[in-house]
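One letter stands for each residue in the lines below.
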Amino acid sequence: MHQESVDLSQFQWLNEPQKSTVTRDSVEFDTLPETDFWQRTHYGFQRIDGHAFLTRLWDDFSFSAGADSVYETLFDQSGLLLWVDQDNWAKVSLENGPGGGTSGMLGSVVTINGYSDWSTTTLDPITNPIWYRISRQGSDFRFDSSLDGDEFTQMRVFHMHGDLTHARVGVYACSPGDSSFHVRFTEIKAGPSLWHE
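Attention in this report is confined to the structure presented alongside it. (Residues numbered from 1 in each chain as written. Predicted model: local features only at pLDDT ≥ 70, side-chain atom pairs only at ≥ 80, totals over all residues. Heavy atoms only, no water.)

### As for the pattern of salt bridges
Tallied over the full model, the rule gives seven salt bridges. Close ionic contact of Asp144 with Arg142 constitutes a salt bridge, the shortest N to O distance being 2.7 Å. As far as burial versus exposure is concerned, Asp144 and Arg142 are alike and both buried. Each of Arg133, Arg142 and Asp144 takes part in one network of salt bridges that share partners. (Salt bridge = Lys/Arg side-chain N within 4 Å of Asp/Glu carboxyl O. Buried < 20%, exposed > 50% of the residue type's maximum accessible area, 1.4 Å probe, protein only.)

### Examining the layout of surface pockets
Counted as a void, the largest pocket has a volume near 260 Å³. Forming the walls of the largest pocket are Gln3, Ser64, Trp131, Arg133, Gly149, Asp150, Phe152, Glu187, Lys189, Leu194 and Glu197. Sorting the residues of the lining of the largest pocket by element identifies strand 14 (130-137) and strand 18 (182-191) as the ones contributing at least two each. Its residues assigned to classes, the lining of the largest pocket comprises three nonpolar, three polar and five charged. In this structure, the second largest pocket occupies an estimated 170 Å³ of space. Around the second largest pocket, the lining residues are Asp36, Trp38, Tyr43, Phe45, Phe75, Gln77, Lys91, Glu95, Trp118 and Pro176. Among the residues making up the lining of the second largest pocket, the classes are represented as six nonpolar, one polar and three charged. (1 Å grid on protein atoms, 1.4 Å probe; cavity = no way out; pocket = protein on both sides within 12 Å on 5 of 7 lines; lining within 4 Å. Points joined across faces, edges and corners; volume = space filled by probe spheres on them. Helix = DSSP H or I, 4+ residues; strand = E, 2+ residues; numbered from the N terminus. Nonpolar A, V, L, I, M, F, W, Y, C, P; charged D, E, K, R; others polar.)

### Observations regarding the side chain of Ser93
For Ser93, the position within the fold is in strand 10 (residues 88-96). Polar contacts involving the side chain of Ser93 include one to the side chain of Tyr172, which spans 3.0 Å. (Polar contact = N/O pair within 3.5 Å; in protein donor to acceptor, adjacent residues only side chain to side chain.)

Keep in mind these values describe shape, not function.
Written out as C-alpha coordinates, the structure is:
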(Lines give C-alpha, C1' and ligand atoms only; values in the text may rest on other atoms or scores of the structure.)
Protein backbone atom coordinates (compact mmCIF):
# COMPACT_ATOMS: atom_id res chain seq x y z
CA MET A 1 0.00 0.00 0.00
CA HIS A 2 1.18 3.49 -0.79
CA GLN A 3 2.55 5.76 1.91
CA GLU A 4 2.66 9.51 1.30
CA SER A 5 4.57 12.41 2.81
CA VAL A 6 2.57 14.05 5.57
CA ASP A 7 1.60 17.70 5.90
CA LEU A 8 3.83 18.89 8.73
CA SER A 9 1.74 22.05 9.13
CA GLN A 10 -0.88 19.82 10.78
CA PHE A 11 1.52 18.79 13.56
CA GLN A 12 1.77 20.39 16.99
CA TRP A 13 4.49 20.35 19.62
CA LEU A 14 4.27 18.52 22.90
CA ASN A 15 6.97 20.28 24.96
CA GLU A 16 8.39 22.46 22.19
CA PRO A 17 12.21 22.68 22.14
CA GLN A 18 13.95 26.05 22.24
CA LYS A 19 15.62 25.54 18.86
CA SER A 20 13.77 23.84 16.00
CA THR A 21 13.34 24.02 12.22
CA VAL A 22 10.34 22.58 10.39
CA THR A 23 10.38 22.53 6.59
CA ARG A 24 7.97 20.96 4.13
CA ASP A 25 9.63 17.56 4.48
CA SER A 26 11.81 17.55 7.61
CA VAL A 27 11.88 18.36 11.32
CA GLU A 28 15.06 19.09 13.24
CA PHE A 29 15.73 20.36 16.73
CA ASP A 30 18.06 20.37 19.72
CA THR A 31 16.91 18.57 22.84
CA LEU A 32 16.95 20.20 26.25
CA PRO A 33 18.80 18.50 29.13
CA GLU A 34 16.94 16.39 31.68
CA THR A 35 13.98 15.66 29.40
CA ASP A 36 12.35 12.23 29.15
CA PHE A 37 9.22 10.12 28.72
CA TRP A 38 8.96 7.62 31.59
CA GLN A 39 6.42 6.67 34.26
CA ARG A 40 7.30 5.14 37.65
CA THR A 41 8.51 1.59 36.97
CA HIS A 42 11.75 0.65 38.78
CA TYR A 43 13.18 4.19 38.79
CA GLY A 44 10.22 5.77 40.55
CA PHE A 45 10.25 9.08 38.73
CA GLN A 46 7.60 10.47 36.37
CA ARG A 47 8.76 12.45 33.34
CA ILE A 48 6.69 13.54 30.35
CA ASP A 49 8.76 16.53 29.28
CA GLY A 50 10.52 15.12 26.21
CA HIS A 51 10.02 16.90 22.88
CA ALA A 52 7.48 15.48 20.42
CA PHE A 53 5.97 16.77 17.16
CA LEU A 54 2.60 15.05 16.79
CA THR A 55 -0.52 14.81 14.63
CA ARG A 56 -3.80 12.90 14.68
CA LEU A 57 -4.33 9.98 12.32
CA TRP A 58 -7.71 8.26 12.08
CA ASP A 59 -8.66 4.64 11.37
CA ASP A 60 -5.92 2.04 10.90
CA PHE A 61 -2.65 3.57 9.69
CA SER A 62 1.10 3.24 9.36
CA PHE A 63 3.35 6.17 10.22
CA SER A 64 7.10 6.16 9.57
CA ALA A 65 10.13 8.44 9.69
CA GLY A 66 13.90 8.32 9.53
CA ALA A 67 15.94 9.75 12.42
CA ASP A 68 19.49 11.04 12.02
CA SER A 69 20.95 11.84 15.44
CA VAL A 70 24.30 12.85 16.90
CA TYR A 71 24.06 11.51 20.44
CA GLU A 72 26.08 13.09 23.22
CA THR A 73 25.31 11.28 26.49
CA LEU A 74 23.98 7.96 27.80
CA PHE A 75 20.21 7.57 27.20
CA ASP A 76 19.97 10.36 24.59
CA GLN A 77 17.20 9.03 22.32
CA SER A 78 15.13 9.72 19.20
CA GLY A 79 12.33 7.92 17.39
CA LEU A 80 8.53 7.81 17.18
CA LEU A 81 5.92 8.46 19.88
CA LEU A 82 2.31 7.30 20.13
CA TRP A 83 0.53 9.59 22.61
CA VAL A 84 -2.89 8.90 24.15
CA ASP A 85 -2.48 10.73 27.47
CA GLN A 86 0.19 11.08 30.16
CA ASP A 87 -0.57 7.62 31.55
CA ASN A 88 -0.93 5.78 28.23
CA TRP A 89 1.67 6.17 25.49
CA ALA A 90 4.41 4.27 23.66
CA LYS A 91 7.75 5.08 22.05
CA VAL A 92 10.18 3.29 19.74
CA SER A 93 13.71 4.61 19.43
CA LEU A 94 17.45 4.18 19.53
CA GLU A 95 19.02 5.27 22.81
CA ASN A 96 22.68 6.11 23.23
CA GLY A 97 24.31 3.19 25.02
CA PRO A 98 27.17 2.83 27.50
CA GLY A 99 29.81 2.34 24.78
CA GLY A 100 30.88 5.96 24.55
CA GLY A 101 28.72 6.76 21.54
CA THR A 102 29.58 3.65 19.51
CA SER A 103 26.73 1.37 20.63
CA GLY A 104 23.04 1.98 21.09
CA MET A 105 19.98 0.34 22.56
CA LEU A 106 17.29 -0.21 19.94
CA GLY A 107 14.01 -0.68 21.75
CA SER A 108 10.65 0.49 22.92
CA VAL A 109 8.66 1.60 25.95
CA VAL A 110 4.94 0.99 26.39
CA THR A 111 3.24 2.84 29.23
CA ILE A 112 -0.13 1.55 30.43
CA ASN A 113 -2.13 3.11 33.28
CA GLY A 114 0.86 5.12 34.46
CA TYR A 115 3.54 2.39 34.44
CA SER A 116 6.26 2.07 31.80
CA ASP A 117 8.08 -1.04 30.63
CA TRP A 118 11.34 -1.11 28.66
CA SER A 119 12.59 -3.59 26.07
CA THR A 120 15.93 -3.22 24.22
CA THR A 121 18.50 -4.98 22.09
CA THR A 122 22.03 -3.76 21.41
CA LEU A 123 22.87 -2.07 18.11
CA ASP A 124 26.66 -1.85 17.68
CA PRO A 125 27.77 0.25 15.99
CA ILE A 126 25.08 2.93 16.02
CA THR A 127 23.58 3.34 12.55
CA ASN A 128 22.49 6.71 11.15
CA PRO A 129 19.90 7.27 9.96
CA ILE A 130 17.53 4.63 11.29
CA TRP A 131 13.86 4.37 10.32
CA TYR A 132 10.87 3.52 12.52
CA ARG A 133 7.26 2.63 11.78
CA ILE A 134 4.08 2.46 13.87
CA SER A 135 1.11 0.51 12.48
CA ARG A 136 -2.38 0.38 13.94
CA GLN A 137 -5.22 -2.15 13.84
CA GLY A 138 -8.00 -1.00 16.11
CA SER A 139 -6.54 -0.78 19.62
CA ASP A 140 -3.50 -2.89 18.70
CA PHE A 141 -0.19 -1.47 17.49
CA ARG A 142 3.04 -2.74 15.97
CA PHE A 143 6.53 -1.22 16.06
CA ASP A 144 8.99 -1.88 13.22
CA SER A 145 12.50 -0.61 12.50
CA SER A 146 14.74 -0.47 9.44
CA LEU A 147 18.41 0.21 8.75
CA ASP A 148 17.80 1.17 5.11
CA GLY A 149 14.30 2.67 5.03
CA ASP A 150 12.96 -0.14 2.81
CA GLU A 151 13.02 -3.44 4.68
CA PHE A 152 11.31 -3.17 8.09
CA THR A 153 11.57 -5.73 10.88
CA GLN A 154 8.96 -6.24 13.58
CA MET A 155 10.04 -5.18 17.05
CA ARG A 156 6.89 -5.36 19.12
CA VAL A 157 3.10 -5.84 19.11
CA PHE A 158 1.03 -4.35 21.93
CA HIS A 159 -2.45 -3.27 22.99
CA MET A 160 -2.99 0.37 23.88
CA HIS A 161 -5.37 1.41 26.65
CA GLY A 162 -7.23 4.67 27.10
CA ASP A 163 -9.47 6.67 24.78
CA LEU A 164 -7.85 6.47 21.34
CA THR A 165 -10.25 9.00 19.82
CA HIS A 166 -7.72 11.79 20.16
CA ALA A 167 -4.51 9.71 20.04
CA ARG A 168 -1.60 11.39 18.29
CA VAL A 169 1.54 10.07 16.63
CA GLY A 170 4.80 11.63 15.51
CA VAL A 171 8.52 12.05 16.08
CA TYR A 172 10.24 12.62 19.40
CA ALA A 173 13.63 13.05 21.07
CA CYS A 174 14.87 13.72 24.58
CA SER A 175 17.98 13.81 26.78
CA PRO A 176 17.38 12.30 30.23
CA GLY A 177 20.86 13.33 31.43
CA ASP A 178 22.63 16.66 31.66
CA SER A 179 23.09 16.90 27.91
CA SER A 180 21.67 18.09 24.62
CA PHE A 181 21.91 16.72 21.07
CA HIS A 182 20.72 17.50 17.56
CA VAL A 183 18.24 15.31 15.68
CA ARG A 184 16.82 15.50 12.16
CA PHE A 185 13.75 13.58 10.97
CA THR A 186 13.10 13.02 7.26
CA GLU A 187 10.96 10.79 5.02
CA ILE A 188 7.98 11.35 7.33
CA LYS A 189 5.15 9.35 5.77
CA ALA A 190 1.72 7.95 6.57
CA GLY A 191 -0.97 5.89 4.90
CA PRO A 192 -3.09 2.75 5.27
CA SER A 193 -1.85 0.15 7.75
CA LEU A 194 1.12 -1.92 6.56
CA TRP A 195 0.75 -4.39 9.44
CA HIS A 196 0.67 -7.43 7.12
CA GLU A 197 3.00 -6.13 4.39
